[in-house]
Every structure is written in C-alpha cells, then in structure tokens.
Amino acid sequence: MLPFHHLFQAKRMRNSLAAREILFTNPFYRFFFGWAGRAIPIVRGAGINQEGVYTALDKLNQGEWVHIFSEGKVNQTGKMHALRWGIGKLVAEAKRTPIVLPFYHTGFEKIMPEKKIYIPRPFGKTLGIMVGEPIDLADMVQSYVDRGVARDDPMLRIEITNQIQTSLLGLEFQLYKWRDEGYPHDENSE
C-alpha cells in the first residue's frame, strides 16, 4: 500500500507491535523483525502495562507511526474479533493524541494459514482491504481531561477502543458487501 522506495527510508516506515514468542525467537528473527521490520516485541496475554506497550507509546510521543493489529492476535477466521484495550491506552496516553487510520483486511488467512509449517499460498487467492477515514480522537480525550479524568482512566480507554471498533466493523461490513455485490470500479484505472 506504500511506494516501494519507502522501504529504504526508515523514518517513513511504521513501527508495529509483534508477538515476542513468534517473531523474536532467534537472532536472525530479532534482527529481521526488530531492526529491519521495526517490530516492537509484545508479550501476548501480559496486559497493557508492559514494556512493548510503553515502547510503542514512546514511538508515538516521538511523532512516529505505530501500526497495531488491535485484535491482539493473528485471526484466521475471516471475521473481526473484539479489540484489545492496548489501542485505547496508546491513543489516550500519547502526549499528542494520534490520528487513527483504520483499515480492515481479509484473505490473509488463505495466503498464510496458521499451520505447523508456514508455507505461503499466494496464488489464486483474493485479498480484500478497506481503508477508512482517519479518526481524530483528540476532542474525546480532551473532554475527559477537561472533566478531571486522568488519561489512564479505564473508561477513556474503553470509549476510544469502542469507537475504533465501530469504525472497523463498518469497514468489515462494506468489504463483505462489495465482495458479495461486486467491487466498484475506478474509472481512472481503466
């Protein structure tokens, strides 16, 4: 979704939370995913108050882009699961409330099924990707702060997470609707 030359401009690349127990298991993976891939190791199931979440928060506070798979795991079902609160924590506690760019994708579970041996199966598969409108949550966060609510308040995290989930559910619905009814064509692409 990005121009190829961005791969060679580290500042333009995103940081991404990634499962420590999968992507950081040996020195090659640590280098490839950690440095080259800009992945931040996260311990799945360890909650929102852990080193990886705070590292992602530091990246946001430095103005960097942080990509989050907000379900908190690899989803092989093709349908969205409930989001984890880490997304709400990062948005709420960043010094400057980040803009959230929601996108929904499906079909990766057919290209890279989660089996004992990971063998990509890219041929003859269809991917669906929907990118939503940017979500600016600064006013919501500020309204809580103005009422004397701390940025780390669970209710703020929940409201942020719910708003993002609502947006993603809308993208999921639209993507499956287009899949079933036929995708619109861009007049400029023909």
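Residues numbered from 1 in each chain as written. Predicted model: local features only at pLDDT ≥ 70, side-chain atom pairs only at ≥ 80, totals over all residues. Heavy atoms only, no water.

(A) Layout of the overall build of the chain. What the chain contains, in helices and strands, is seven helices and seven strands. Along the chain, helices and strands appear, N-terminal first, in the series β-α-α-β-α-β-α-β-β-α-β-β-α-α. Scored against the burial criterion, the 190 residues of the chain give a buried share of 35%. Partitioning the contacts of the chain with sequence separation of at least 6, the portion at a separation of at least 24 is 62%. In the form shown here, the chain has an accessible surface area of approximately 12400 Å², with 58% of it arising from carbon and sulfur atoms. (Helix = DSSP H or I, 4+ residues; strand = E, 2+ residues; numbered from the N terminus. Buried < 20%, exposed > 50% of the residue type's maximum accessible area, 1.4 Å probe, protein only. Contact = heavy atoms within 4.5 Å. Areas by Shrake-Rupley, 256 points an atom, 1.4 Å probe, with all protein chains shown as cover.)

(B) Broad picture of the packing of helix H6 (residues 138–146) against helix H7 (residues 154–181). It is the contact of H6 with H7, at a shortest axis distance of 11 Å, that shows an interaxial angle of 165 degrees. Judged by the angle between their axes, H6 and H7 are roughly antiparallel. Handedness of the H6/H7 crossing: right-handed. Mapping the contact onto sequence places Met140, Val141 and Tyr144 in H6 and Met155, Leu156, Glu159, Ile160 and Gln163 in H7. Taken together, the residues of the contact of H6 with H7 break down into six nonpolar, one polar and one charged. (Axes fitted to C-alpha atoms, helices over the stretch in contact; angles between N-to-C directions. Parallel < 35°, antiparallel > 145°, perpendicular 65-115°, else oblique. Left-handed = near helix turned anticlockwise from the far one by under 90°. Nonpolar A, V, L, I, M, F, W, Y, C, P; charged D, E, K, R; others polar.)

(C) Representation of H7. Taking 1.5 Å of rise per residue, the 28 residues of H7 would be expected to cover 40 Å, and the 40 Å separating its terminal C-alpha atoms lies within 8% of that figure. When we look at burial in H7, the residues that qualify are Leu156, Arg157, Ile160, Thr161, Ile164, Gln165, Leu168, Leu171, Glu172, Leu175 and Tyr176. Each element contacted by the buried residues of H7 is listed here: helix H4 (86–93), strand S4 (99–100), strand S5 (103–106), strand S6 (128–131), strand S7 (135–136) and H6. For H7, the side-chain oxygen to backbone nitrogen distance between the N-cap and Met155 is 2.8 Å, and the N-cap itself is Asp153. (Expected span 1.5 Å × (residues − 1). Polar contact = N/O pair within 3.5 Å; in protein donor to acceptor, adjacent residues only side chain to side chain.)

(D) Representation of the pairing of S6 in the model. Judged by which residues are buried, S6 turns out to be one-sided: Gly128 and Met130 face inward and are buried, whereas Ile129 and Val131, on the alternate face, are not. With four bridges connecting them, S5 and S6 associate as antiparallel partners. In the strand pairing of S6, Thr106 is matched with Gly128. (Pairing = 2+ DSSP bridges.)

(E) Fine view of the nonpolar core. In this structure, Leu137, Leu156, Ile160 and Ile164 are the most contacted members of the largest nonpolar core, which totals 20 residues. Breaking this core down by element, the ones donating at least two residues are H4, H6 and H7. Broken down by element, the residue count for this core peaks at seven residues, all from H7. Once you skip the residues sitting within four places of it in the chain, Ile160 turns out to touch Gly88, Val91, Ala92, Leu137, Met140 and Val141. Leu17, Leu57, Val66 and Ala94 belong to the second largest nonpolar core, which has ten residues in total. (Core = buried A, V, L, I, M, F, W, Y, C linked by side-chain atoms within 4.5 Å.)

(F) The arrangement of the environment of Asp153 in detail. Inspection of the secondary structure assignment puts Asp153 in the loop between H6 and H7. Along the sequence, Asp153 and Glu93 sit 60 residues apart, while their C-alpha atoms lie 9.5 Å from each other.

(G) Inspection of the packing of aromatic side chains at higher detail. A complete count under the given rule lists two aromatic pairs for this structure. Ring centres of Phe28 and Tyr29 lie 6.2 Å apart, and the angle between their planes is 55 degrees; this geometry places the pair in the tilted category. What makes Tyr29 partly exposed here is its relative accessible area of 32%. Centroid distance Tyr104 to Tyr176: 6.3 Å. Interplanar angle 65 degrees. Geometry classified as edge-to-face. Here Tyr104 is found in strand S5, whereas its partner Tyr176 is found in helix H7, with 72 residues between them in sequence. Across this residue pair, the class does not change: Tyr104 and Tyr176 are buried. In this structure, Arg147 packs its charged tip against the face of Tyr144, placed 4.6 Å from the ring centre. (Phe/Tyr/Trp six-rings, centres within 6.5 Å; stacked < 30°, edge-to-face > 60°. Lys NZ or Arg CZ within 6 Å of the ring centre and 35° of its normal.)

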